[in-house]
Amino acid sequence: MSRSPQLSEEEVRERIDHTDNPAVLDDLYNFGQQLEKSAIEHIRIVESKAMSFAAYGAAIVTLLVSSSSSWARTGNQWTLWIAFCAAFSAVICTHFAVRALSLKEFEYVSQDEWLNAECLSDIDTLKRYRILTLWGTIDSHDKIQSTKATVLRRAEVWLTGAVIFLVYLLLHLTFVRIALWQSAIESFDPELLTNEEKC
């Protein structure tokens, strides 16, 4: 489903003012409450994924650092560069994931808006005003969620790169070890072992 264009506050006010049916106002208010809960849940989902991405990025860096003595000793001149690319990608992934988790200011319904004196004398006027405040809260959460999702997509790209480099590093080390074993086998001299046994 394509993302529909966002309405301005003036457009929302105009549409609410053209609504005269109390049943329609009730439906708009009830559905607005559902949208508000959905917007909050979407942000929680994005932040939950951001926490996972940050953990994955940190785990890759930890793995590379803790095993550096092993792969540095076994590898060749390309090993360090591959490991550096994997670690760098993981660090950038963690950076974007933490940015997605950063605190943001949301619009919310204040006490003055909740008990607006100008709207307490008529139920329809109060519902129209409540619908408008719901729209403000939903719009604020949607904008923050969109910003967080954009940052999280960047973290996902860097995490993918880190995983690719990590897998490439493992394959690279495997081929290097195989080459070392083949070299050791080819350099083995059976006659030297026979002479030692005679001695």
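Only a predicted model underlies this, so the values are computations on that prediction, with no experimental measurement involved.

A count of helices and strands for the protein gives 7 helices and 0 strands. Among the 199 residues that make up the protein, the fraction classed as buried is 30%. Partitioning the contacts of the protein with sequence separation of at least 6, the portion at a separation of at least 24 is 88%. Carbon and sulfur atoms provide 60% of the accessible area of the protein, an area that totals close to 13,900 Å².

Bringing the pattern of salt bridges into the picture now. Counted according to the given criterion, the structure contains 4 salt bridges. As a salt-bridge pair, Asp-26 and Lys-127 come within 2.1 Å of each other at their nearest N and O atoms. Of this pair, Asp-26 sits in helix 2 (residues 22-66) while Lys-127 is found in helix 6 (residues 123-186), placing the two residues 101 residues apart along the sequence. We classify Asp-26 as partly exposed; its relative accessible area is 30%.

Let us look at helix 4 (residues 79-101). Side chains three or four residues apart in an α-helix point the same way, a direct result of the helix having 3.6 residues per turn. Taking 1.5 Å as the rise per residue, helix 4 with 23 residues should run 33 Å; its terminal C-alpha atoms sit 33 Å apart, in good agreement. Residues of helix 4 that are buried include every one of Thr-79, Ile-82, Ala-83, Ala-86, Ser-89, Ala-90, Ile-92, Cys-93, Thr-94, Phe-96, Ala-97 and Ala-100, and no others.

Bringing the nonpolar core into the picture now. Core analysis: the biggest nonpolar cluster contains 24 residues, and Phe-53, Ile-60, Leu-64, Leu-152, Ala-155 and Leu-169 have the highest contact counts within it. For this core, the elements supplying multiple residues, two or more each, are helix 2, helix 4 and helix 6. It is helix 4 that contributes the most residues to this core, 9 residues altogether. Contacts of Leu-64, omitting those with residues within four sequence positions, involve Trp-71, Ala-83, Ala-86, Ala-87, Leu-166 and Leu-169. By size, the runner-up hydrophobic cluster in this structure holds 5 residues, among which are Val-12, Ile-16, Leu-25 and Leu-132.

For the rest of this paragraph, the subject is the side chain of Lys-148. Following the sequence through the fold, Lys-148 ends up in helix 6. By relative accessible area, Lys-148 is classed as buried at 2%. In contact with Lys-148, other than residues within four places in its own chain, are Ile-43, Val-46, Glu-47, Ala-100, Leu-101, Ser-102 and Lys-104.

In this section: the packing of aromatic side chains. This model, assessed by the stated rule, comprises 3 aromatic pairs. Ring geometry for Trp-81 versus Phe-84: centroids 6.4 Å apart, planes at 85°, classification edge-to-face. Of the two residues, Trp-81 and Phe-84 are both situated in helix 4; the distance of 3 residues between them amounts to about one turn of the helix. Chaining the aromatic ring pairs together yields one cluster made of Trp-81, Phe-84, Phe-88 and Trp-158.

Attention now goes to a nonpolar patch on the surface. Taken together, Trp-78, Trp-81, Phe-84, Phe-88, Val-157 and Trp-158 make up a surface patch of nonpolar side chains, about 710 Å² in accessible area. Secondary-structure elements contributing two or more residues to the nonpolar patch are helix 4 and helix 6. Sort the elements by how many residues they give to the nonpolar patch and helix 4 lands first, with 3 residues. Structurally, the position occupied by Phe-88 is in helix 4.

Here we take up the side chain of Arg-128. Mapped onto the fold, Arg-128 is located in helix 6. Despite its burial, Arg-128 pairs with no opposite charge, the nearest such side chain being Asp-20 at 4.1 Å. Excluding residues within four positions of it along the chain, Arg-128 makes contact with Ile-16, Asp-17, Thr-19, Asp-20 and Leu-25.

Rules behind the numbers
- Residues numbered from 1 in each chain as written.
- Predicted model: local features only at pLDDT ≥ 70, side-chain atom pairs only at ≥ 80, totals over all residues.
- Heavy atoms only, no water.
- Helix = DSSP H or I, 4+ residues; strand = E, 2+ residues; numbered from the N terminus.
- Buried < 20%, exposed > 50% of the residue type's maximum accessible area, 1.4 Å probe, protein only.
- Contact = heavy atoms within 4.5 Å.
- Areas by Shrake-Rupley, 256 points an atom, 1.4 Å probe, with all protein chains shown as cover.
- Salt bridge = Lys/Arg side-chain N within 4 Å of Asp/Glu carboxyl O.
- Expected span 1.5 Å × (residues − 1).
- Core = buried A, V, L, I, M, F, W, Y, C linked by side-chain atoms within 4.5 Å.
- Phe/Tyr/Trp six-rings, centres within 6.5 Å; stacked < 30°, edge-to-face > 60°.
- Patch = residues over 30% accessible without salt bridge, like charges linked within 9 Å, V, L, I, M, F, W, Y side chains within 5 Å.
- Lys, Arg positive; Asp, Glu negative; His and termini not counted.

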